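Given next are the chains, with one letter for each unit.
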Amino acid sequence: QVQLVESGGGLVQPGGSLRLSCAASGSFFSSYTMGWYRQAPGKQRELVAQITNGGSGNYADSVKGRFTISRDNAKKMVYLQMNDLKPEDTAVYYCNAKSPFTRSDYWGQGTQVTVSS
């Protein structure tokens, strides 16, 4: 089982940057596909970025070129560097882990990102 704890959210002005971090506990972290999702008020949760156990990343079209996902397997950490933030990026951001063994999904508690002037 994996436990996930996000940090790094906050209030930022449009055009600003934030770096989200996700600390994972449990075994076999390096085998998991890790991702960041977000959910804005009144909207469904959506995939923002994902990184495979091999280090390949994919992104939602809305964040391509602005966000970068990365992982440090030795530290059991996943990061989301968010640049050129826009008001529409405002949401609760969740860290996700997908087990390649059980197909289970694990979620963190979420961290609020608010982009506003």
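K.L.:
How would you sum up the overall build of the protein? Please name residues and give values.
P.N.:
Scanning the protein for helices and strands turns up 0 helices and 11 strands. Scanning the protein from its N terminus toward the C terminus, one meets helices and strands in the order β-β-β-β-β-β-β-β-β-β-β. The C-alpha atoms of the protein give a radius of gyration of 13 Å, which matches the 13 Å a tight globule of 117 residues would have. The buried share of the protein, taken over its 117 residues, is 42%.

K.L.:
Summarise the state of the cysteines; cite the residues concerned and give the values.
P.N.:
By definition, a disulfide links the sulfur atoms of two cysteine residues through a covalent bond. Scanning the model with the defined rule gives 1 disulfide in all. Between Cys-22 and Cys-95 runs a disulfide, and the two sulfur atoms are separated by 2.1 Å. Measuring handedness by torsion sign, the sulfur bridge of Cys-22 and Cys-95 sits at about -85 degrees and is left-handed. Of this pair, Cys-22 sits in strand β3 (residues 18-25) while Cys-95 sits in strand β9 (residues 91-98), placing them 73 residues apart in sequence. The two residues Cys-22 and Cys-95 agree in class, both being buried.

Reading the values: the criteria
Residues numbered from 1 in each chain as written. Predicted model: local features only at pLDDT ≥ 70, side-chain atom pairs only at ≥ 80, totals over all residues. Heavy atoms only, no water. Helix = DSSP H or I, 4+ residues; strand = E, 2+ residues; numbered from the N terminus. Rg over C-alpha atoms; globule rule 2.2 N^0.38 Å. Buried < 20%, exposed > 50% of the residue type's maximum accessible area, 1.4 Å probe, protein only. Disulfide = S-S within 2.5 Å.

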